[in-house]
Amino acid sequence: MKVFVVGGAVRDALMGQSVNDRDWVVVGSTPEAMTAQGYVPVGKDFPVFLHPQTREEYALARTERKTARGYKGFAVQADPSVTLEEDLARRDLTVNAMAVPEALAHAAPGAWAGQIVDPYGGQADLKNKVLRHVTEAFAEDPVRILRVARFAARFADFSVAHETMALMRQMVEDGEVDHLVPERVWQELAKGLMSERPSRMFGVLRECGALRVLLPELDRLWGVPQRAEYHPEVDTGVHMMLVTDMAARLNTPLSVRVACLFHDLGKGNTPADVLPRHIGHEGRSVKLLQKVCERLRVPTDCKELAEVVAREHGNIHRSAELNAEALMRLLERCDAIRQPERFARVLQACECDARGRLGFDEAAYPQAGRLLQAQQAALSVETAPIAQAAAAQGLQGPQIGAQITQARIQAIAEAAL
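Residues numbered from 1 in each chain as written. Predicted model: local features only at pLDDT ≥ 70, side-chain atom pairs only at ≥ 80, totals over all residues. Heavy atoms only, no water.

Caption draft 1: Region of the structure containing the environment of phenylalanine 4. Looking at where phenylalanine 4 falls in the secondary structure, it is placed in strand β1 (residues 2-6). Each C-alpha atom of the pair phenylalanine 4 and aspartate 23 lies 8.4 Å from the other, and the pair is 19 residues apart in sequence. Once residues lying within four places of it in the same chain are set aside, the contact partners of phenylalanine 4 are Asp23, Trp24, Val25, Val27, Leu84, Ala99, Val100, Pro101, Glu102 and Val117. (Helix = DSSP H or I, 4+ residues; strand = E, 2+ residues; numbered from the N terminus. Contact = heavy atoms within 4.5 Å.)

Caption draft 2: Spotlight on the sheet that holds strand β3 (residues 40-41). With mixed pairing, the six strands of this open sheet are ordered in space as β3-β4-β5-β2-β1-β8. Each end of this open sheet is capped by a strand with a single partner; those strands are β3 and β8 (99-101). (Pairing = 2+ DSSP bridges.)

Caption draft 3: Just helix α8 (residues 198-208), in detail. Where burial is concerned, most of α8 is hidden: eight out of the 11 residues are buried. For α8, the complete set of buried residues consists of Pro198, Ser199, Arg200, Met201, Phe202, Val204, Leu205 and Cys208. Two residues or fewer after α8 comes glycine 209, characterised by a positive phi angle close to 95°. (Buried < 20%, exposed > 50% of the residue type's maximum accessible area, 1.4 Å probe, protein only.)

Caption draft 4: Representation of the layout of surface pockets in the model. The volume enclosed by the largest pocket comes to roughly 1,500 Å³. Lining the largest pocket are 43 residues; nearest its centre among them are Asp23, Arg62, Arg90, Arg91 and Arg147. Secondary-structure elements contributing two or more residues to the lining of the largest pocket are α1 (8-14), β2 (23-27), β5 (57-60), β7 (74-77), α5 (143-154) and α7 (182-193). Ranked by residue count, the leading element in the lining of the largest pocket is α5, at six residues. What the second largest pocket holds in volume is close to 640 Å³. In terms of lining residues, the second largest pocket is bounded by 27 residues, among which Tyr230, His231, Lys267, His317 and Arg318 are the most central. If you list the elements that add at least two residues to the lining of the second largest pocket, you get α13 (281-296), α14 (300-317) and α16 (340-355). Taken together, the residues of the lining of the second largest pocket sort by class into eight nonpolar, 10 polar and nine charged. (1 Å grid on protein atoms, 1.4 Å probe; cavity = no way out; pocket = protein on both sides within 12 Å on 5 of 7 lines; lining within 4 Å. Points joined across faces, edges and corners; volume = space filled by probe spheres on them. Nonpolar A, V, L, I, M, F, W, Y, C, P; charged D, E, K, R; others polar.)

Caption draft 5: Examining the pairing of β5 more closely. Pairing between β2 and β5: three bridges, direction parallel. Each bridged residue has a counterpart across the sheet, and for valine 25 the counterpart in β5 is alanine 59. Between the antiparallel neighbours strand β4 (residues 48-50) and β5 lie six residues, among them arginine 55 with a positive phi of about 65°.

Caption draft 6: Main features of the pattern of salt bridges. Applying the stated criterion across every chain, the model contains 23 salt bridges. Glutamate 312 is the salt-bridge partner of arginine 311, the closest N and O atoms lying 3.1 Å from each other. Taking the relative accessible area as the measure of exposure, arginine 311 reaches 34% and is therefore partly exposed. Residue arginine 333 pairs with glutamate 312 through a salt bridge whose shortest N-O separation is 2.9 Å. Highlighted residues: arginine 333 in helix α15 (residues 324-333) and glutamate 312 in helix α14, separated in sequence by 21 residues. Judged by relative accessible area, which is 2%, glutamate 312 ranks as buried. (Salt bridge = Lys/Arg side-chain N within 4 Å of Asp/Glu carboxyl O.)

Caption draft 7: Inspection of the packing of aromatic side chains at higher detail. Enumeration over the complete set of coordinates arrives at four aromatic pairs. On the numbers, 5.2 Å between centres and 5° between planes, the contact of tryptophan 24 with tyrosine 58 is stacked. Taken together, the residues span a long stretch of sequence, with tryptophan 24 in strand β2 and tyrosine 58 in strand β5 at a distance of 34 residues. Ring centres of phenylalanine 151 and phenylalanine 155 lie 6.1 Å apart, and the angle between their planes is 0°; this geometry places the pair in the stacked category. Across this residue pair, the class does not change: phenylalanine 151 and phenylalanine 155 are buried. By the ring-pair criterion, three or more aromatic residues cluster together here, those being Trp24, Tyr39 and Tyr58. Between the NZ or CZ atom of arginine 357 and the centre of the ring of phenylalanine 360, over which it lies, the distance is 3.9 Å. (Phe/Tyr/Trp six-rings, centres within 6.5 Å; stacked < 30°, edge-to-face > 60°. Lys NZ or Arg CZ within 6 Å of the ring centre and 35° of its normal.)

What is shown is where atoms sit, not what they do.
Here it is in structure tokens:
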């Protein structure tokens, strides 16, 4: 029985990055032998065990052979005869197909000289900053297309090898991407959105043709013009990528990044005769993103934030023109009184939208500060005394609510925003 640390832990250590999780591969053992040593079996589809002390995952070396389309369409062989090289061959990218003996796993990479098991050239590709598939078996799992795109977003200065891009294009043409499980698509997209440069993920997906299959609503935005006086970048697809990268730059949470990605989907079906104007695109965007979120099983908090941003981002951008009464209506439409923390995220997304334009990346966004002040003024109103006084006058529900709203409008006006 030999144990190796493999995959991302080796890659990240060689790149000088911190290693948070380690994946272990066990060669020359059996499930019975692992259990006898105290390892706890946890894998349903694959022979994976938890270490009795560290609780880290240890997997028996295995090979995989595709038998049918879909995530579970693989025949797995895991027995003592499977070599480490065979196990590494099933991995997606060469930079993820390296291993180090257990005894050196926690040592500095400088101590690994001559001990790294690297049969597929991962060290060379790491040095040259190339994302390259290990073997042609890459084509057996379309999730790997998403993983390559996600790694391109995480390692923004890496390029995708030409032969890997060609293989991914062929997989798309063969219909492999059509069979991806929505939950897996969302899982990879979410990780990519939280990466250093999300635009690279969508660039790779678009280059290989997968984006038009997975997110046609987003893919159709490239080539759609916007008014140059507002959007110097003109192209709507380019704008969406600038906005998404700005969300990463500002270190926003996932829900904000989803809202940024979906906020202008409606521009993709603006009638050609009114371009480059996009009248009513906000409502169209809401309808389209609702369908996307349902299709990909996007979490509710992300969907609901995206709906508010898509519907109201134009009004928020123009909010400097609004008086106290109009500001209160905007706060109500955004549910800013009941969900004050979410409203801050709405404003984050709108700032990303405003700064995600060519030449505007360092621009100030005073709308956010003004609207937060308006929100605080409205929240400062003591509603209980107003409700009690109104009830004493015989007023009921909507009438009491109207008086509270009026008091909030007054508070916003007195804040002299």
